[in-house]
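# Notes for the structure review
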Amino acid sequence: MKKLIAYFKAQRDSALLGGALVLLILAMFHPTVPIKHNIYTYLLVADISQSMNAIDMTIDGKPASRIAHTQKLLHEVVSSLPCGTKVSVALFAGASVAALYNPIEVCNNFAAIQDTIDHLDWRTAWSGNSRIRESLFSITRIIRSFPEAAQVVFITDGEEAPRLHAFNTRDLTNFQGADGWLLVGVGSEKGASIPKLSEKNQLIGYWSNDSFALQPGIAQISEQNIGTRDDNVASGEQDRFISKHNAEYMKTIAKEVGSTYIYGDNVHTILDAMKKQKPARRDVAPFDLSWILASLAGLFLLAAYFSKHPIKQIGEALKLYRKNTVRKLQSKNETAIAHDNHF
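Let me sum up the structure you'll find in this document.

Parameters and conventions
Residues numbered from 1 in each chain as written. Predicted model: local features only at pLDDT ≥ 70, side-chain atom pairs only at ≥ 80, totals over all residues. Heavy atoms only, no water. Helix = DSSP H or I, 4+ residues; strand = E, 2+ residues; numbered from the N terminus. Buried < 20%, exposed > 50% of the residue type's maximum accessible area, 1.4 Å probe, protein only. Lys, Arg positive; Asp, Glu negative; His and termini not counted. Salt bridge = Lys/Arg side-chain N within 4 Å of Asp/Glu carboxyl O. Polar contact = N/O pair within 3.5 Å; in protein donor to acceptor, adjacent residues only side chain to side chain. Contact = heavy atoms within 4.5 Å. Phe/Tyr/Trp six-rings, centres within 6.5 Å; stacked < 30°, edge-to-face > 60°. Lys NZ or Arg CZ within 6 Å of the ring centre and 35° of its normal. Axes fitted to C-alpha atoms, helices over the stretch in contact; angles between N-to-C directions. Parallel < 35°, antiparallel > 145°, perpendicular 65-115°, else oblique. Left-handed = near helix turned anticlockwise from the far one by under 90°. Nonpolar A, V, L, I, M, F, W, Y, C, P; charged D, E, K, R; others polar. Pairing = 2+ DSSP bridges. Disulfide = S-S within 2.5 Å.

## Brief notes about the side chain of Glu160
Topologically, Glu160 is positioned in the loop between strand 8 (151–156) and strand 9 (182–185). Buried charge Glu160 goes without a salt bridge, the closest partner of opposite sign being Arg131 at 4.4 Å. A distance of 3.2 Å separates the side chain of Glu160 from the backbone nitrogen of Ile132, its partner in a polar contact.

## With respect to the side chain of Asp56
In this fold, Asp56 is placed in strand 3 (residues 55–59). We classify Asp56 as buried; its relative accessible area is 14%. Side chain to side chain, Asp56 and Arg66 meet in a polar contact 2.9 Å long. If sequence neighbours within four positions are ignored, Asp56 has contacts with Ala64, Arg66, Gly187, Ser188, Gly191, Ala192 and Ser243.

## A few points about the pattern of salt bridges
Counted according to the given criterion, the structure contains nine salt bridges. With a closest N to O distance of 3.1 Å, Lys86 and Glu148 form a salt bridge. Taken together, the residues Lys86 in strand 5 (residues 86–93) and Glu148 in the loop between helix 4 (132–145) and strand 8 connect sequence positions 62 residues apart. A relative accessible area of 16% means that Glu148 is categorised as buried. A single salt-bridge network, built from bridges that share partners, covers Asp56, Arg66 and Asp157.

## What about the packing of aromatic side chains?
In the structure shown here, the tally under the stated rule is four aromatic pairs. Ring plane angle 5 degrees and centroid distance 6.1 Å describe the contact between Tyr40 and Tyr42, whose orientation is recorded as stacked. On the accessibility criterion, Tyr40 (21% relative accessible area) is partly exposed. Note on Tyr42: relative accessible area 4%, which makes it buried. With a centroid separation of 6.0 Å and 75 degrees between ring planes, the pair formed by Phe175 and Trp181 is classed as edge-to-face. Since its relative accessible area comes to 3%, Trp181 is described here as buried. Each residue in the set Phe137, Phe175 and Trp181 is aromatic and connected to the rest through ring pairs, giving one cluster. Of note, Arg170 hangs over the ring of Phe137, and the distance from its end group to the ring centre comes to 3.9 Å. The residue whose ring lies beneath Arg240 is Tyr206, and the NZ or CZ to ring-centre distance is 3.9 Å.

## Some points on the packing of helix 2 (residues 66–80) against helix 6 (residues 267–275)
The geometry of helix 2 relative to helix 6 is characterised by a closest axis approach of 10 Å and an angle of 50 degrees between their N-to-C directions. Classified by the angle between their axes, helix 2 and helix 6 sit oblique to one another. Where helix 2 crosses over helix 6, the two elements pack in a sense that is right-handed. Contacts between helix 2 and helix 6 involve Leu73, Glu76, Val77 and Ser80 on the former and, on the latter, Val267, Ile270, Leu271 and Met274. Class assignment for the residues of the contact of helix 2 with helix 6 results in six nonpolar, one polar and one charged.

## A few points about the pairing of strand 12 (residues 203–206)
As judged from the three bridges shared by strand 11 (residues 195–197) and strand 12, these two strands associate in the antiparallel manner. Its bridge partner lying in strand 12, Pro195 is registered against Tyr206. Between the antiparallel neighbours strand 11 and strand 12 lie five residues, among them Asn201 with a positive phi of about 65 degrees.

## Quick notes on the environment of Tyr42
Within the element layout of this structure, Tyr42 appears in strand 2 (residues 41–47). Between the C-alpha atom of Tyr42 and that of Val153, which follows or precedes it by 111 residues, the distance is 7.1 Å. Once residues within four sequence positions are removed from consideration, Tyr42 is found in contact with Leu81, Thr85, Lys86, Val87, Ser88, Gln151, Val153, Met274 and Gln277.

## Topic: the state of the cysteines
Across all of its chains, the model carries one disulfide by this definition. Each sulfur in the disulfide pair Cys83 and Cys107 lies 1.9 Å from the other. With the S-S dihedral at roughly -90 degrees, the linkage between Cys83 and Cys107 falls on the left-handed side. Of this pair, Cys83 sits in the loop between helix 2 and strand 5 while Cys107 sits in the loop between strand 7 (104–105) and helix 3 (110–118), and the two are 24 residues apart along the sequence. Taking relative accessible area as the criterion, Cys83 reaches 48% and is therefore assigned partly exposed.

Okay, structure coming up:
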């Protein structure tokens with residue numbers, strides 16, 4: 001009877017191991033099944049203006065610039081998106097936004113998207129100004145040029161440069177198309193001075209207060225005659241312009257265009273907000289089965305390894321381990337005693 005039970009147990013273990021092997025081989029081919037579900041497409045816009053070089057954020061407890069924090073957020077966002085999601089990365093500077101490519105699928109192009117994020121740099125900017133309100137119109141033009149609808153995730157410190165006044169504040173009353181957009185704020189309320197860097201990223205000084213004020217003259221109301229800024233560095237610490245994240249201003253913009261504002265202190269806040277955005281469309285898309293097959297293979301291996309009472313077997317294994325350990329220690333002690341007696 002015992003031999004018969006042992007035989008069936010051996011066959012059971014062989015069947016489980018064989019099944020696990022088959023499942024792992026199938027998982028290697030990444031099988032999919034067509035399932036109808038929501039398809040999400042995102043335009044991830046990163047502010048690369050010079051105020052994003054201000055160091056008032058932290059990464060792993062260490063001081064970090066706003067743009068470095070933005071890169072970390074974008075890396076984590078893209079890593080968390082499910083396969084089938086499409087993403088485009090865009091840059092904001094001056095009064096316009098430039099998309100680097102049409103939306104591409106995240107899993108097939110994961111390395112390329114992450115590489116794009118790695119290379120976000122203020123030196124790519126085509127203008128020293130930063131016109132948040134004006135940039136929204138540029139985003140709508142980009143969205144209309146895409147082959148499919150896309151939701152916007154715009155990460156910025158909200159710094160308007162030069163400062164706004166009655167004549168250069170773009171009216172957003174009749175702005176349309178921002179329903180569901182996500183405005184993500186970075187930077188601190190305390191703020192920090194903005195470093196002025198050379199083309200080799202070497203610190204020259206810090207931007208002065210005059211750098212963010214329009215030059216005297218006729219009120220400038222367009223990008224073509226928006227005015228120039230004082231290009232001199234601050235003469236002293238008291239003359240440095242302190243860039244602060246103005247959450248109230250960002251909330252005002254979001255309210256005017258019908259979008260949502262959140263503070264981007266961590267990726268979970270952003271992902272939770274992105275889940276509430278509308279999908280680009282609902283369509284049939286492949287659902288990857290490889291992770292399910294791999295999980296089943298793991299369960300088969302565990303079932304083959306453990307007996308009907310795995311906890312009991314673990315206890316026996318621990319007892320055997322302790323017994324072997326004691327034997328090794330006794331053997332070492334006997335060897336040591338013999339060595340001392342020899343001398």
